[in-house]
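Here is how the chains run, residue by residue.
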Amino acid sequence: MPTDPTQPAPRRSRGTLRWLAVAAALVVGVAVTVAVHSWQQGGHDEHAGPTSADFVDIADVPPGASRPTGTPDGSAGKAVFSCGRNENNHRNADNVIAAPGVHDGAHHTHEYVGNLSTDGFSTDQSLAAADTTCANGDRSTYYWPVLRVFDGAPDAGVDGNHGRILPPATVRMQFLGSPTSKVIAMPRFLRVVTGDPKALTNGPSNAGHVQWSCSGATDRRTDHYPVCGRGQQVLRIFDFPNCWDGRGNDSPNHHAHIAFPDGNGVCGHGTFPVPQLHVEIGYDVPTGATYAIDTFPDQLHSPVTDHSDFVNVMIDAQMTALVGCLNQGRDC
């Protein structure tokens, strides 16, 4: 029988109210449990990729600033290291710098060039004894997250990362000097990181030296995934810090022992310039394809979380030759 809207609603007993509260709590609890289980099983990201806000047409990116002008006291040399494009498919979800001794400690897949043995359980000794893909015999390890294309392929990574891994078409690794002073040798087994894999939640303080571009517009750099012109490669660009504190090979946050120079290329007080690693990776992304890097689950495939890692395993003779090349202003 319909109720009279002009009359007050009937009071519910305390027992009824208590039962309703319990029922509501159970419904909420079940929903939360299902959502958490879905996230843990990778369901949250199973079909999701980056959003349109993560992309930018490279034509809409203004040209950026160039490298600081060198001075007579600088080290203007350049040395290119040829270490391949990971043709041997050396990949794992480890991170020997950030999570040593842990399997799948990165929670996303890394791609390696250089040292053939690198995983989460590598030691200085094992790295020094391993073989390498570098033509000059450099046993250093260089790595970064894989890039995937979301084209319906069944490939699946760890912790919700998915899509077909797109191998690099080109990898250019270069060491540069300092525009304002000579460089000194970096110590063997120095760990160097650029970018922040958790920049989406941490903020961009450590992410500004990792950028994206296109092969036909290298003067335009962005922290978004670029939409490139037809026939152009998508480029990932990594600049590494090179102002070493002269003491440790690493630090608890993996940043304190080595920093970036200021805007003029000058290292801060108490730090010393070492050769600066610059890496450019090119990909033949299919026209119109959606693509993204592997990330931690809560970083949602954001391009600002891109990062790269480097462990120097060069022997003394190799490092001496590199420093000489840069300080003498040669192209090597």
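Attention here is on the structure that accompanies the text. (Residues numbered from 1 in each chain as written. Predicted model: local features only at pLDDT ≥ 70, side-chain atom pairs only at ≥ 80, totals over all residues. Heavy atoms only, no water.)

## Here we look at the state of the cysteines
Per the counting criterion, the structure on display carries four disulfides. Each sulfur of the disulfide joining C83 and C134 lies 2.0 Å from the other. Every disulfide takes its handedness from the sign of the S-S torsion; for C83 and C134 that torsion is 100 degrees, giving right-handed. Separated by 51 residues along the polypeptide, C83 in the loop between strand 2 (78–81) and strand 3 (91–92) and C134 in the loop between helix 2 (124–129) and strand 5 (141–145) bring together distant segments of the chain. By relative accessible area, C83 is classed as buried at 3%. Paired through a disulfide, C214 and C228 show a sulfur-sulfur distance of 2.0 Å. Between C214 and C228 the disulfide shows an S-S torsion of about -85 degrees. By sign, it is left-handed. Of this pair, C214 sits in strand 10 (residues 210–214) while C228 is found in the loop between strand 11 (225–227) and strand 12 (234–239), placing the two residues 14 residues apart along the sequence. (Disulfide = S-S within 2.5 Å. Helix = DSSP H or I, 4+ residues; strand = E, 2+ residues; numbered from the N terminus. Buried < 20%, exposed > 50% of the residue type's maximum accessible area, 1.4 Å probe, protein only.)

## Here we look at helix 4 (residues 316–327)
With twelve residues, helix 4 ought to run about 16 Å at 1.5 Å a step, and its terminal C-alpha atoms sit 16 Å apart, in line with that. The set of residues buried in helix 4 consists of Q318, M319, L322, V323, G324, C325 and L326. Residues of helix 4 that are buried make contact with strand 2 and strand 8 (170–176). Where helix 4 ends, the next residue or the one after it, G329, has phi of about 70 degrees, a positive value. (Expected span 1.5 Å × (residues − 1). Contact = heavy atoms within 4.5 Å.)

## Details of the pattern of salt bridges
Side chains that differ in sign of charge can pair as their charged atoms come close. Under the definition given, this model contains eight salt bridges. Notably, a salt bridge pairs R191 with D124, separated by 2.9 Å at the nearest N-O pair. Of this pair, R191 sits in strand 9 (residues 191–195) while D124 sits in helix 2, and the two are 67 residues apart along the sequence. Looking at R191, the relative accessible area reads 13%, which means it is buried. (Salt bridge = Lys/Arg side-chain N within 4 Å of Asp/Glu carboxyl O.)

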